[in-house]
Structures are given as C-alpha cells and as structure tokens.
Amino acid sequence: MAAAAAEEPSTAPGGGGCAPAGGGSVPVLFCFSVFARPSSVPHGAGYELLIQKFLSLYGDEIDMHRKFVVQLFAEEWSQYIDLPKGFLVSERCKVRLVPLQIQITTLGNLTPSSTVFFCCDMQERFRPAIKYFGDIISVGQRLLQGARLLGIPVIVTEQYPKGLGSTVQEIDLTGAKLVLPKTKFSMVLPEVEAALAEIPGVRSIVLFGVETHVCIQQTALELIGRGLEVHIVADATSSRSMMDRMFALERLARTGIIVTTSEAILLQLVADKEHPKFKEIQNLIKASAPESGLLSKV
C-alpha cells in the first residue's frame, strides 16, 4: 500500500467515536491534510482496512515517499491520539493520516541478508487458465534456485489446495521456510508474519506468482503497509487476463512498489562478478526461457 510507509499502530489508551453503528458497516470520517471525507468500513475493520480506505480516498494526494502515522480522535482527550494497538472499528469515529517529517527514499537496493522471496499460488489447476503460465513457472523455478544458492528464505502459499491442487511439480520447493495453504487472497497470514519476525533485518520482499491483480496485488499492498519494500517480478507473474495484469502492475508501480525482472533481481543480489555464487547465478540466467512476449504486456 502506498502509504506503505504508514507506521504500525502504537500502544495508546483511549477510544473514539460516538454512537455504535448497526449493520455490517460503520461510518468513519477520514481526514488528511485539509480534507475530511465521510465514508464507511466493515464492522471490526482494523489498521490495514483503514489504510486501504485512506488510499482509495486520497491516493493522488499522498506522497509515496513519506512515512505516516494513523491517529484516532479520542473523545476523552478531545484530541487525536496514535491509533491504539489492535484497534478495531466498532462505532462511528474519526481518524486521520499524518505525514511525518522523515522522507524515505526508495532505492530498491537488494542484499541477500535482508531479502525474502514470496512464491504465490503457482498451482496445477491454474495451468490452463493463466496466460504464459509455462513461462512464469520456468522463471519462478529459476528464482527459487537462485534463492537456494544465495541462502535467501522462501515463503510459499497455495490457494485452497484441496480444490485447486498443490504447487506445480516443475517448481522445486526444497528448503522453503514455509509452504502454507490459504483461503485469504493476500499471502500475509499470521504464520507468515511470525516467520518474518523470526528473520532478523528483513527489508525487502521479492514477490511472484498468480494472479497479478488479485493475490499478488493484495499481498504487495499489505507488505508495504507494514513498511517493507516490495519487488514484483514482472516475468514471473501473470493473470487470466492481460488487461487485469497490466493495470495491476501500473497501479502497484504508482504506489512505490518496484516492478522488475528476474535477471535484474538475481544480478542485483550478487552485485559483483567476484561474488562466490556469480557463475552459478550466471548459468541460471543463461538457461532462461525464450522471450514469450509477457514483458511486452507490462
């Protein structure tokens, strides 16, 4: 999410709001800069949904390279406080997005020690439906080989594998840190968050798989909402529709996510011809699949 850089809610006392809302949604006043726009969110919505709503309302005004904090108007203090940890919307309230003074420059630098690879839903049942599926399998396998060579953790998800099958056989998941089933579109599951917390110094996520406009997009938005830098591998992600794929990549690039290629990723990770794994990485690149036309659809 763009305001990706919005900070995690801090612990703080207080509440906000007025009368409890009935039904499935709650009215919320979203404030940013000089603007104040009434809208609503589902009852029980938390930090992530509030950020998404801010982006949908103020996306054009938000500077992607700034850090933000979400605040809640607390009646008992008659002023805004930092959003309490674990806050869930249960009644009408007023929230605001506040830019901090710190400017963040997203350079997109990658180092193996601060990078994790996310492989999203590369499953057998998607084979006939996803455009260029054979090509993204080939590129995905190359990325996972590179991750093993460089000691980069890999997290893999499978969307409802009971109905959609497991990860395709061509992709070798040997050594993956996690292989998880899911029904949520985003890969950001509690188990994934726990795994990331166990890896010291994680800064960058390299993300690939299917579908670009659904699971990839929602995963990327959640990750940058947690302050992580996201690199989407354009030649290793696709959708059933090239129009859906194209507009998803364009939207994500506008939010500060880096849209790149597998070769750029692998060579950036070794960084130097003298890297001890350079020759092996070079051999992976040389064995790449022929140009499929996928990148012309970015």
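My aim in this report is to walk through the structure given alongside it, one point at a time. All of these numbers come straight from a predicted model, not from anything done at the bench.

**Notes on the sheet that holds strand β11 (residues 258–260)**
Now for step 1: Read from one edge of the open sheet, six strands run β8-β7-β6-β9-β10-β11, paired in parallel fashion. A single partner strand is all that each edge strand has here, and the edge strands are β8 (178–182) and β11. Taking each pair of neighbouring strands and ignoring which way they run, the sheet shows an average axis angle of 20 degrees.
Now for step 2: Across six bridges, strand β6 (residues 115–120) lies against strand β9 (residues 204–210) in parallel orientation. If you follow Cys119 over to β9, its bridge partner there is Phe208.
Now for step 3: In the packing of helix α5 (residues 212–225) onto the sheet, the strands contacted are β6, β7 (154–159), β8, β9 and β10 (229–238), and the crossing angle to β9 comes to about 165 degrees.
Now for step 4: Its contacts with the sheet place helix α6 (residues 242–254) against β10 and β11, and it is angled at close to 165 degrees to β10.

**Description of the pairing of strand β2 (residues 35–42)**
Now for step 1: The pairing of strand β1 (residues 25–32) with β2 spans eight bridges and is classified as antiparallel. When the bridges of β2 are listed, Val28 appears paired with Ser39.
Now for step 2: Linking two consecutive strands that pair antiparallel, namely β1 and β2, is a turn of two residues; a positive phi of about 55 degrees is found at Ser33 within it.

**Some words on the packing of helix α2 (residues 133–150) against helix α8 (residues 278–286)**
Now for step 1: Running from N to C, α2 and α8 point in directions that differ by 175 degrees, and their axes come no closer than 10 Å. Considering the angle they form, α2 stands roughly antiparallel to α8. Counting all contacts with α2, which are made through Arg142, Gln145, Gly146, Leu149 and Leu150, the residues of α8 involved are Glu280, Ile281, Leu284 and Ile285.
Now for step 2: In terms of residue class, the contact of α2 with α8 is made up of five nonpolar, two polar and two charged.

**Re empty space enclosed by the protein**
Now for step 1: Across all of its chains, the model carries one cavity of 30 Å³ or more by this definition.
Now for step 2: Along the walls of the largest cavity sit Leu144, Arg148, Val154, Asp172, Leu173, Thr174 and Ala176, which together make up its complete lining.
Now for step 3: Residues belonging to the lining of the largest cavity are distributed by class as follows: four nonpolar, one polar and two charged.

**Brief notes about α5**
Now for step 1: Counted at 1.5 Å a residue, the expected span for α5 with its 14 residues is 20 Å, and the 18 Å between its end C-alpha atoms agrees.
Now for step 2: Extensive coverage of α5 is indicated by the burial of 13 of its 14 residues.
Now for step 3: In the segment just after α5, Gly227 is the residue with positive phi, at about 85 degrees.

**Some remarks on the state of the cysteines**
Now for step 1: This structure, assessed with the given rule, holds zero disulfides.
Now for step 2: Looking at the unpaired Cys119, the closest cysteine sulfur is the one in Cys120, lying at 7.7 Å.
Now for step 3: For Cys119, a relative accessible area of 0% translates into the label buried.

**A few points about unusual backbone geometry**
Now for step 1: Residue Glu211 is reached from Val210 by a cis peptide bond, and omega for that bond is -20 degrees.
Now for step 2: Relative to the assigned elements, Glu211 resides in the loop between β9 and α5.
Now for step 3: Its identity is not glycine, yet Tyr132 carries a phi of approximately 60 degrees, on the positive side.
Now for step 4: As for its position among the elements, Tyr132 is in the loop between β6 and α2.
Now for step 5: The backbone of Tyr160 shows a phi angle near 40 degrees, a positive value even though the residue is not glycine.
Now for step 6: Among the secondary structure elements, Tyr160 is positioned in the loop between β7 and α3 (161–164).

Here is what the cut-offs are and how they apply
- For every chain, the first residue of the written sequence is number 1, and numbering continues from 1 along that sequence.
- Predicted model: local features are reported for residues with pLDDT of at least 70 only, side-chain atom pairs are reported and counted for 80 or more only, and whole-chain, interface and lining totals are derived from all residues.
- Only hydrogens and water are removed before side-chain values are computed, so all heavy atoms of the structure are retained for them.
- For two strands to pair, DSSP has to find at least two bridges joining them.
- Numbering of helices and strands runs from the N terminus; a helix is a DSSP stretch of H or I covering at least four residues, while a strand is a stretch of E covering at least two.
- Only the stretch in contact is used when fitting a helix axis, every axis being a line fitted to C-alpha atoms; angles between N-to-C directions are given from 0 to 180 degrees.
- Any pair of residues with heavy atoms lying within 4.5 Å of one another is described as a contacting pair.
- Here the angle decides the label: under 35 degrees means roughly parallel, over 145 means roughly antiparallel, 65 to 115 means roughly perpendicular, and every other value means oblique.
- Note that Gly is not counted as nonpolar here; it falls among the polar residues with everything else outside the nonpolar set of Ala, Val, Leu, Ile, Met, Phe, Trp, Tyr, Cys and Pro and the charged set of Asp, Glu, Lys and Arg.
- Using a grid of 1 Å spacing that covers the protein atoms alone, one calls a set of points a cavity when a 1.4 Å probe fits there but cannot get out, and a pocket when the set is open and has protein on both sides within 12 Å along at least five of seven lines; lining residues are those with an atom within 4 Å of a point.
- Grid points are joined across faces, edges and corners, and a volume is the space filled by probe spheres set on the points.
- For a helix, the expected span equals 1.5 Å multiplied by the residue count minus one.
- The buried label applies to any residue whose accessible area, calculated with a 1.4 Å probe on protein chains only, is under 20% of its type's maximum; exposed applies above 50%, and partly exposed to all values in between.
- Note that a disulfide, as used here, is simply two cysteine sulfur atoms within 2.5 Å.

This is a description of form; function is not addressed.
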